[in-house]
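# Observations on chain architecture
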Amino acid sequence: MKRDIYEEEILDNWASFDDSREETDRKYEKLSMLLDPMYDFVLAFSNYYNTRRNYGIGPDLTMIEVHILTQIADNPGITVTELAEIWHRSTSAISQTVRKLMKQDLVYRENSKENGKIFNLYTSEFGNELALSHKKYDNIDILKTRKKLLNEFSVEELLAFDKVCKAYTDILWNHTK
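Please read all numbers here as calculations on a predicted model, not as lab measurements.

A few words on the nonpolar core. In terms of nonpolar packing, the biggest core is built from 23 residues, with Ile-68, Leu-83 and Val-98 touching the most fellow members. For this core, the secondary structure elements donating two or more residues are α3 (63–74), α4 (80–87), α5 (91–103) and α6 (125–150). Ranked by residues supplied to this core, first place goes to α3 with seven residues.

All told, the structure shown has five aromatic pairs when counted by the stated rule. Plain terms: the ring middles of Tyr-55 and Tyr-137 are 4.7 Å apart, the flat faces sit at 70° to each other, and that makes the pair edge-to-face. Remark: Tyr-137 occurs in helix α6 and Tyr-55 occurs in the loop between α2 (21–50) and α3; sequence separation between them is 82 residues. On the basis of relative accessibility, which here comes to 27%, the residue Tyr-137 falls in the partly exposed class. Both rings, one in Tyr-108 and one in Tyr-122, keep their centres 5.6 Å apart while their planes meet at 25°; by these two values the pair is stacked. Note that Tyr-108 is positioned in strand β1 (residues 107–111) and Tyr-122 in strand β2 (residues 119–123), a separation of 14 residues in sequence. A residue is classified by how much of its surface remains accessible, and Tyr-122, at 22% relative accessible area, is partly exposed. Feature note: the residues Phe-41, Phe-45, Tyr-48 and Tyr-49 constitute an aromatic cluster, connected by ring pairs. Directly above the ring of Tyr-48 sits Arg-53, whose terminal nitrogen or CZ lies 4.1 Å from the centroid.

This next bit is on the pattern of salt bridges. For the structure on display, the rule yields twelve salt bridges. With its nearest N and O atoms 2.9 Å apart, the salt bridge here joins Glu-23 to Arg-26. Of this pair, Glu-23 and Arg-26 both sit in helix α2, three residues apart, which is roughly one turn of the helix. The shortest N-O distance in the salt bridge between Lys-100 and Glu-65 comes to 3.9 Å. Within this pair, whereas Lys-100 is found in helix α5, its partner Glu-65 is found in helix α3, the two being separated by 35 residues in sequence. Here Lys-100 falls in the partly exposed class, since its relative accessible area comes to 40%.

Cut-offs used in this document
Residues numbered from 1 in each chain as written. Predicted model: local features only at pLDDT ≥ 70, side-chain atom pairs only at ≥ 80, totals over all residues. Heavy atoms only, no water. Core = buried A, V, L, I, M, F, W, Y, C linked by side-chain atoms within 4.5 Å. Buried < 20%, exposed > 50% of the residue type's maximum accessible area, 1.4 Å probe, protein only. Helix = DSSP H or I, 4+ residues; strand = E, 2+ residues; numbered from the N terminus. Phe/Tyr/Trp six-rings, centres within 6.5 Å; stacked < 30°, edge-to-face > 60°. Lys NZ or Arg CZ within 6 Å of the ring centre and 35° of its normal. Salt bridge = Lys/Arg side-chain N within 4 Å of Asp/Glu carboxyl O.

If you want it as structure tokens, here you go:
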């Protein structure tokens, strides 16, 4: 059925703002079937991403908080600006996350020796332990998830999925520029 949508609605076909209401509704009904699974995935992943969880030690953190903590642990002296570029977030948003980590004594900052307006970020000893525990948690979770997927899909299909996700992500990042 979905192959038919590609053949009938996508290959050698297009949509326009000049399409009639009937044509627009007909195309939308078919084309949205292709993206509904992705929309469901994005919503489920967003909920997963924003859920606070325990990574074996320390406070419960969201995925972005623990990944930023780990990035700081792996790159001592990194700046908020550098983190914002990596995470495609505003410096304000990253600063808020860093402040949360600082309040929990996981991260601290020091003035840059070159420019007093720039702060370099470092993890505390406990922040380093939590970052390592997070890596162990992720290793287990990634292996568990991929093994579950391998019950239904081949390695080649999962590699193709990863490739499609990367290409789609590139389209989305370029769309916002």
